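One letter stands for each residue in the lines below.
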Amino acid sequence: MSSKYIVFIIALSTVLISCGGGGAPEVNSTNCSGAGMQAALPTFDNEAARQAFIDNCEAMAKK
């Protein structure tokens, strides 16, 4: 591999990691679906926020 490709990959990885957010996942149809829920729930660091997310997903589903 050329060194410019390696630099490009490192730069792209840095940008993608920094775009990861860090906030709570948004309540939407994607995050509240089965696979989305499996990905979203482990990102919560406390049980109250996790339960609030689940409650909001259930409320959205009832609409």
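Residues numbered from 1 in each chain as written. Predicted model: local features only at pLDDT ≥ 70, side-chain atom pairs only at ≥ 80, totals over all residues. Heavy atoms only, no water.

Novice: Teacher, can you tell me more about helix α3 (residues 47–62) here?
Specialist: Spacing of three or four residues puts side chains on the same side of an α-helix, whose turn is 3.6 residues. The terminal C-alpha atoms of α3 lie 23 Å apart, and with 16 residues this matches the ideal 22 Å at 1.5 Å per residue to within 8%. Restricting attention to buried positions, one finds in α3 the residues Phe53, Ile54 and Cys57. Down the axis of α3, the smallest arc covering the buried residues is 95°, so these residues share one side. Exposed side of α3, more than 90 degrees from the buried face: Ala48 and Lys62 are the residues found there. Tucked inside the fold, the buried residues of α3 contact α2 (34–40). Between the side-chain oxygen at the start of α3 and the backbone nitrogen of alanine 48 there is a gap of 3.3 Å, and the oxygen is on asparagine 46. (Helix = DSSP H or I, 4+ residues; strand = E, 2+ residues; numbered from the N terminus. Expected span 1.5 Å × (residues − 1). Buried < 20%, exposed > 50% of the residue type's maximum accessible area, 1.4 Å probe, protein only. Arc of directions from axis to C-beta. Contact = heavy atoms within 4.5 Å. Polar contact = N/O pair within 3.5 Å; in protein donor to acceptor, adjacent residues only side chain to side chain.)

Novice: Is there a simple way to explain the side chain of asparagine 31 in this structure?
Specialist: Mapped onto the elements, asparagine 31 comes out in the loop between α1 (3–18) and α2. Looking at asparagine 31, its side chain comes within polar contact range of the main-chain oxygen of glutamate 26, at 2.7 Å. Ignoring anything within four residues of it in the chain, the contact list for asparagine 31 reads Pro25, Glu26, Gly36, Met37, Ala40 and Phe53.

Novice: What am I meant to see in the nonpolar core here?
Specialist: The tendency in soluble globular proteins is for nonpolar side chains to be buried side by side. Core analysis: the largest hydrophobic core is formed by eight residues, namely Cys32, Met37, Ala40, Leu41, Phe44, Phe53, Ile54 and Cys57. Within the residue set of this core, elements represented by two or more residues are α2 and α3. Leave out the neighbours within four places in its chain, and leucine 41 touches Arg50, Phe53 and Ile54. (Core = buried A, V, L, I, M, F, W, Y, C linked by side-chain atoms within 4.5 Å.)

Keep in mind these values describe shape, not function.
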